[in-house]
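Reading the structure
The chain contents come next:
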Amino acid sequence: MPFSAQPPASGERYALSASLDNARHLSSLLRAVHFQDHATCLATASGLRVTVEDAKCIQANAFIQAEVFQEFSIQEESVMFRISLSVLLDCLTIFGTSSLPGTSTALRMCYRGYGYPLMLFLEEGGVVTVCKINTQEPVELLDFDFCSTKVVNKIILQSEGLREAFAELDMTSEVLQITMSPDKPYFRLSTFGNAGSAHLDYPRDSDLMEAFHCNQTQTNRYKISLLKPSTKALALSCKVSIRTDAQGFLSLQYMIRNEDGQICFVEYYCCPDEHITEAEL
Amino acid sequence: LSRIGDELYLEPTESGLSLRAVNSSRSGFSSFLFAPLFFQLYEPGSAGPETEVFRCKVHMKSFLGIFRSLPSLEKTVGKCLILLKPRASRLVLQLHCKYGVTKTHNLAFQECEQLQAVFDTQRCASHLCAPARVLAEAVVHFAPTLAEVTLGTGPGGKISLRNYVEDEAEPSKTMVTELWLAEDEFQSVAVAPGSHITFCLKEFRGLLSFAEASNLPLTIHFDAPGRPVIFTLDDTVLEVHLVLATLSDLQSNSQSPSTNGASHLPALSDDFADDLESYMVAMEASEGGSERPPSPTFPLRTPWPAESKPEEEEEEEEEEEEGAVPGTPPHKKFRSLFFGSVMTPGRPGLATTQEVLAEDSEGE
């Protein structure tokens, strides 16, 4: 990858060093989880995971696999640090956010290890910017303990069908109620706002429905303000999987295809607001 | 309708679904009547001769929120079902969309009295009909913030449009825009020479956009200054009316600006006398049900004769409002063209009557 800036001296060992031809592959994904200022980065041999949490109720993860990078080398088993996601995004998009065809920002990311700042080398059109972002002690992350064996209901939908719905959610409603059932209404999103209630029903045989595995009727409510940021991930994605477990914990997994056709994932986990067994109208 | 008022009145009748709005100063009223044929299915509900027609009103914003994005609606929504559930106090709007998706909105409504305007297009001296496009192209020359515009008839059958400048405005700081339309731009012109009226442009723009979008000709019925101007759109399945108060010549110099027409009522009562035909009765208000002595300037008109169907006279709209809706005086210097209700001696208070004013004026 052509890079006119000084690459790190060969003598230095970097715990993490990665190169990406098009920084947008990273920045667009990070924007989809940017609902809090700080994020925790975890790098392993499989790739990079960036986690954002809020209110001890919601967690979003952006996964960029090692294969997406042109170069991805990690010297330790895992590298973890906390960083300001706002600053990271500002740096990644330092050459602007508009995507002119043919131009892209090249990125090289280096991290020496615990206590060191994250170094970013960004280049576009021969201009190079070097950024040093301080890192912090990683904090303990929530563990939703959500695994496929505990899933009660699962639906995979084409994102196209949900995008408008999420963008137009009645934000005067405090909660978003999700009903999943083997019987009617199958999959229903409900809000209870100032104007009245609104229900969005997706039948199981809809063309949008790629998979429908609902075993039990479940109705759960989630704080709408916590879920609203997931709209960004939805907008980027082509498919979304919606799963709930016995406690009503919600898992939203978004499959995102970048400009080069590579697949990345973003997932959101959310605690239910209250556990109710019947849909309330 | 949202350009007129904040509340949407719904009234399902045998002749169709009527949607109406009135502005806060009761100087503007609009109604859209969708004939049963407009719908795939129209069931007004069991309203026998004894049963009252069910009416309700909802917040305009809540209703509009359901139809937020028109382009996407056109692409994704197949049909819309509207159900009025009195017992559940809910107006249900269900959109059937692509991919089998159903969006159901349950809106809270308030029951209400009838909102009716009484106006008579037949009694207007002047009538103009033009394709909406002609008027839209004319109106585009005026600033978007312009409040009032004056429509006039000139020599050679020309029609003029001019922005209305308040008397208090400094001549050196005001800009006057005037444009003239030739008679042949109109589909029909039947105007009293030398007539002119001044009305609120903002409220008219709403109707104009609709007319342009639906490619319907717009008819303007007007009379002397101070008498309401009535705009109508006519279609086989839709009747649209917009009734606006017009500035009265009498008021333009003497009236001190006031935003509350009610406060003018005692002084203006003289003027109301002649406006028997045009007044709006809003169910809620009747401001100043004062009696109206004959006006020295305007001859006292006889009460609505049987010959003119009080409701039917919609000059512009095909749809007849079932009754007239008297309005309260429009803002500021507009004469109180519309008032709560007409009082005749011995009649019960305005606040309690919803009747067509025409009937009330028998005593005049």
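Worth saying up front: this structure is predicted, and the values here are computed from it rather than measured.

A tally of regular secondary structure across chain B gives seven helices and 19 strands. Intrachain contacts of chain B at a sequence separation of at least 6 include 67% that bridge at least 24 residues. With the model as given, the accessible surface of chain B reaches about 16,100 Å², and the carbon-plus-sulfur share is 54%.

All right, on to the sheet that holds strand 9 (residues 127-133) of chain A then. All names here are of chain A. Pairing is antiparallel in the open sheet, where five strands are placed in the order 5-1-7-8-9. Each edge of the sheet is formed by a strand with only one pairing partner; in this case those strands are strand 5 (71-74) and strand 9. Taken pair by pair, the neighbouring strands of this sheet meet at an average axis angle of 10°, ignoring direction. Relative to strand 9, strand 8 (residues 118-124) runs antiparallel, the two sharing seven bridges. Its bridge partner lying in strand 9, Glu-124 is registered against Val-127. Those strands touched by helix 2 (residues 85-92) are strand 7 (106-111), strand 8 and strand 9, and its axis lies near 25° from that of strand 8.

Interface size is often expressed as the accessible area that is lost when the parts come together. Contacts between the two partners involve 16 residues from chain B and, on the opposite side, 15 residues from chain A. Counting each side, the surface lost to burial between chain B and chain A is near 1,300 Å², with a carbon and sulfur contribution of 46%. Counting every contact that joins chain B to chain A gives two salt bridges. For B:Lys103, the salt bridge goes to A:Glu168, with nearest N and O atoms at 3.8 Å. For the pair chain B and chain A, the number of links is seven residue pairs in polar contact (both at pLDDT 80 or more). At the level of elements, helix 2 (70-76) and strand 7 (102-108) of chain B are the ones that each hand at least two residues to the side of chain B that touches chain A. It is strand 7 of chain B that provides the largest number of residues to the side of chain B that touches chain A, a total of seven residues. Class assignment for the residues of the side of chain B that touches chain A results in four nonpolar, nine polar and three charged. For strand 13 (residues 196-202) of chain A and strand 7 of chain B, the ladder comprises six bridges, and the chain directions are antiparallel. Residue pairing for strand 7 of chain B: A:Ala198 is matched across the bridge by B:His105.

For the rest of this paragraph, the subject is the pattern of salt bridges. In this structure the tally under the stated criterion is 15 salt bridges over all chains. The closest approach of N and O atoms between A:Glu71 and A:Arg108, which form a salt bridge, is 3.0 Å. Of this pair, A:Glu71 sits in strand 5 while A:Arg108 sits in strand 7, and the two are 37 residues apart along the sequence. For A:Arg108, a relative accessible area of 14% puts it in the buried group. Among the ionic pairs, B:Glu178 bridges to B:Arg162, the shortest N-O distance being 3.7 Å. With B:Glu178 in strand 13 (residues 178-181) and B:Arg162 in strand 12 (residues 159-163), this residue pair connects regions lying 16 residues apart in the sequence. A residue is classified by how much of its surface remains accessible, and B:Glu178, at 40% relative accessible area, is partly exposed. Its relative accessible area of 36% is what places B:Arg162 among the partly exposed residues. Several salt bridges converge on common partners, so that one network encompasses A:Glu164, A:Glu168 and B:Lys103.

Moving on: the environment of A:Val128. With respect to the helices and strands, the residue A:Val128 is situated in strand 9. Each C-alpha atom of the pair A:Val128 and A:Phe192 lies 51 Å from the other, and the pair is 64 residues apart in sequence.

Attention now goes to the confidence of the model for chain B. Residue and element names in this part refer to chain B. For chain B, the average pLDDT comes to 71, and 66% of its residues sit at 70 or higher. Counting contacts from residues 251-364, a segment whose pLDDT is below 50, to residues more than four positions away or on other chains yields 363 contacts. Model confidence for the complex: the whole-complex pTM is 0.72, and ipTM, which rates the interface, is 0.81.

The tally for this structure, following the rule as stated, stands at 19 aromatic pairs over all chains. Aromatic pair A:Tyr254 and A:Tyr268: ring centres 6.2 Å apart, planes at 90°, arrangement edge-to-face. Linking A:Tyr254 in strand 17 (residues 250-257) with A:Tyr268 in strand 18 (residues 263-270), this pair joins segments that are 14 residues apart in sequence. Accessibility expressed as a relative area gives 2% for A:Tyr254, which makes it buried. With a centroid separation of 5.0 Å and 90° between ring planes, the pair formed by B:Phe32 and B:Phe210 is classed as edge-to-face. Linking B:Phe32 in strand 3 (residues 28-34) with B:Phe210 in helix 4 (residues 201-214), this pair joins segments that are 178 residues apart in sequence. Exposure remark for B:Phe32: the relative accessible area of 8% places this residue in the buried category.

Glancing now at the sheet that holds strand 2 (residues 16-22) of chain B. Residue and element names in this part refer to chain B. Strand order across the open sheet formed by ten strands is 8-4-1-2-3-18-17-16-10-14, with antiparallel pairing between neighbours. Strand pairing shows two members of the sheet lacking a second neighbour, strand 8 (110-111) and strand 14 (188-190), which therefore form its edges. In the sheet, strand 17 (residues 229-234) pairs with strand 18 (residues 238-244) via six bridges, with the strands oriented antiparallel. Of the residues in strand 18, the one forming a bridge with Asp-234 is Glu-239. Where helix 3 (residues 132-139) meets the sheet, its contacts fall on strand 10 (126-131) and strand 16 (217-222), and the angle it forms with strand 10 comes to roughly 95°. Against the sheet, helix 4 engages strand 3, strand 16, strand 17 and strand 18, with an angle of about 160° to strand 18.

Turning our eyes to something else, we now look at the nonpolar core. A:Leu120, A:Phe187 and A:Tyr202 are the most contacted members of the largest nonpolar core, which totals 135 residues. Those residues in contact with A:Leu120 that lie beyond four places of it in its chain are A:Leu88, A:Cys91, A:Leu92, A:Leu107, A:Arg108, A:Met109, A:Thr129, A:Val130, A:Cys131 and A:Ile133. By size, the runner-up hydrophobic cluster in this structure holds ten residues, among which are B:Val22, B:Leu115, B:Ala117 and B:Val243.

This brings us to unusual backbone geometry. Omega for the peptide link from A:Lys184 to A:Pro185 comes to 0°, which places this bond in the cis form. Inspection of the secondary structure assignment puts A:Pro185 in the loop between strand 11 (175-180) and strand 12 (187-192). Positive phi, close to 65°, is recorded for A:Tyr186, a residue that is not glycine. Tracing the backbone shows A:Tyr186 in the loop between strand 11 and strand 12. The phi torsion at B:Asn215 lies on the positive side, around 60°, for a residue other than glycine. Along the polypeptide, B:Asn215 turns up in the loop between helix 4 and strand 16.

All names here are of chain A. With seven of seven residues buried, strand 13 is to be regarded as a mostly interior element. Looking at chain direction, strand 12 and strand 13 are connected through six bridges and run antiparallel. The residue of strand 13 that forms the bridge with Arg-188 is Asp-201. The antiparallel hairpin formed by strand 12 and strand 13 contains three residues in its connecting segment.

A word on the pairing of strand 5 of chain A. Residues and elements named next belong to chain A. Alternating residues of strand 5 divide into Phe-72 and Ile-74, all buried, and Glu-71 and Ser-73, none buried. The pairing of strand 1 (residues 16-20) with strand 5 spans four bridges and is classified as antiparallel. For Ala-18, the partnering residue across the bridge sits in strand 5 and is Phe-72.

Thresholds, definitions, all that
Residues numbered from 1 in each chain as written. Chains lettered and ligands numbered in written order. Predicted model: local features only at pLDDT ≥ 70, side-chain atom pairs only at ≥ 80, totals over all residues. Heavy atoms only, no water. Helix = DSSP H or I, 4+ residues; strand = E, 2+ residues; numbered from the N terminus. Contact = heavy atoms within 4.5 Å. Areas by Shrake-Rupley, 256 points an atom, 1.4 Å probe, with all protein chains shown as cover. Pairing = 2+ DSSP bridges. Axes fitted to C-alpha atoms, helices over the stretch in contact; angles between N-to-C directions. Buried area = accessible area lost by both parts, 1.4 Å probe. Salt bridge = Lys/Arg side-chain N within 4 Å of Asp/Glu carboxyl O. Polar contact = N/O pair within 3.5 Å; in protein donor to acceptor, adjacent residues only side chain to side chain. Nonpolar A, V, L, I, M, F, W, Y, C, P; charged D, E, K, R; others polar. Buried < 20%, exposed > 50% of the residue type's maximum accessible area, 1.4 Å probe, protein only. pLDDT = per-residue confidence, 0-100. Phe/Tyr/Trp six-rings, centres within 6.5 Å; stacked < 30°, edge-to-face > 60°. Core = buried A, V, L, I, M, F, W, Y, C linked by side-chain atoms within 4.5 Å.

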